[in-house]
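# Descriptive analysis of the structure
Here are the chains, one letter per residue:
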Amino acid sequence: IEGAVDKRSGHRLGPVGNKKLVYFVDDLNLPYVEEYGTQNALSLLRQIMGYGTFFDRHDLGFRKEIVDVRFVSAMNPNAGSLNICERLQRYFSTLACPMPSEDDLNTIFVSILEGHLQSFPASLEGLLYPLVSGTIALHNRVSEK
């Protein structure tokens, strides 16, 4: 957390200049759940999001304020626990995005590639549907393994 921000003044830390910073926390649900149901890494993240501050590791009386930052996270449904602490989850808008169906993927990629191929010779237009269906088939085969 501290590595991506600079000291602004006193106890205040933030991104360089008047910029904003977005932290992406991948696999939010992976930290180890301890005996009492806590996850220390998530507790620290909750403290930063809730209070905008955290304590210095060397001087516990020194509280650092972090400003102009936002947090975005993702959870892996195939690993870790599917639950995180409600006290942390309240700071996020939760969205569930299932994988689109094969027909939906076909429609999406045909639309994109059709527009892209307009600047190429007309002889390539015949490759549009085989290219998209082959790419989707390859993706399905790779994701099965």
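Provided above is the structure to which this section pertains.
Residues numbered from 1 in each chain as written. Predicted model: local features only at pLDDT ≥ 70, side-chain atom pairs only at ≥ 80, totals over all residues. Heavy atoms only, no water.

### A short note on the nonpolar core
- Counting 16 residues, the largest nonpolar core has Val-5, Tyr-23, Leu-28, Ile-66, Val-69, Phe-71 and Leu-88 as the members making the most contacts within it.
- When contributions to this core are tallied by element, the ones reaching two or more residues are strand 3 (21-25), helix 1 (40-51) and strand 6 (69-73).
- With 4 residues, helix 1 is the largest single contributor of residues to this core.
- Filtering out sequence-adjacent residues up to four positions away, Ile-66 remains in contact with Ile-1, Val-5, Leu-13, Tyr-23, Ile-48, Gly-52 and Phe-54.
- Leu-105, Leu-113, Leu-128 and Ile-136 belong to the second largest nonpolar core, which has 7 residues in total. (Core = buried A, V, L, I, M, F, W, Y, C linked by side-chain atoms within 4.5 Å. Buried < 20%, exposed > 50% of the residue type's maximum accessible area, 1.4 Å probe, protein only. Helix = DSSP H or I, 4+ residues; strand = E, 2+ residues; numbered from the N terminus. Contact = heavy atoms within 4.5 Å.)

### A closer look at the side chain of Lys-64
- Positionally, Lys-64 belongs in strand 5 (residues 63-66).
- Since its relative accessible area comes to 10%, Lys-64 is described here as buried.
- Looking at Lys-64, its side chain comes within polar contact range of the side chain of Asp-56, at 2.9 Å. (Polar contact = N/O pair within 3.5 Å; in protein donor to acceptor, adjacent residues only side chain to side chain.)

### With respect to unusual backbone geometry
- Residues other than glycine seldom take positive phi values, yet Asp-27 does so here, at roughly 55 degrees.
- Checked against the element boundaries, Asp-27 lands in the loop between strand 3 and helix 1.
- A positive phi angle, near 60 degrees, is found at Asp-68, a position not held by glycine.
- Within the element layout of this structure, Asp-68 appears in the loop between strand 5 and strand 6.

### Here's the deal with the pairing of strand 5
- Side chains Lys-64 and Ile-66 of strand 5 all project onto a buried face; the interleaved residues Arg-63 and Glu-65 project onto a face where none is buried.
- Inspection of the sheet shows strand 2 (residues 12-14) paired to strand 5 by 2 bridges, in the parallel sense. Its bridge partner being in strand 5, Arg-12 is matched across the sheet by Glu-65.
- Bridging between strand 4 (residues 53-55) and strand 5 involves 3 bridges; their strand directions are antiparallel. Paired with Phe-55 across the bridge in strand 5 is Arg-63. (Pairing = 2+ DSSP bridges.)

### Comments concerning helix 3 (residues 102-116)
- For helix 3, spanning 15 residues, the distance from its first C-alpha to its last is 21 Å, which sits close to the expected 21 Å at 1.5 Å a residue.
- Listed in full, the buried residues belonging to helix 3 are Leu-105, Val-110 and Leu-113. Here the buried residues of helix 3 occupy an arc of 125 degrees about the axis, which is enough to place them on one side. Along helix 3, exposed side chains directed more than 90 degrees from the buried face belong to Asp-103, Thr-107 and Ile-112. (Expected span 1.5 Å × (residues − 1). Arc of directions from axis to C-beta.)

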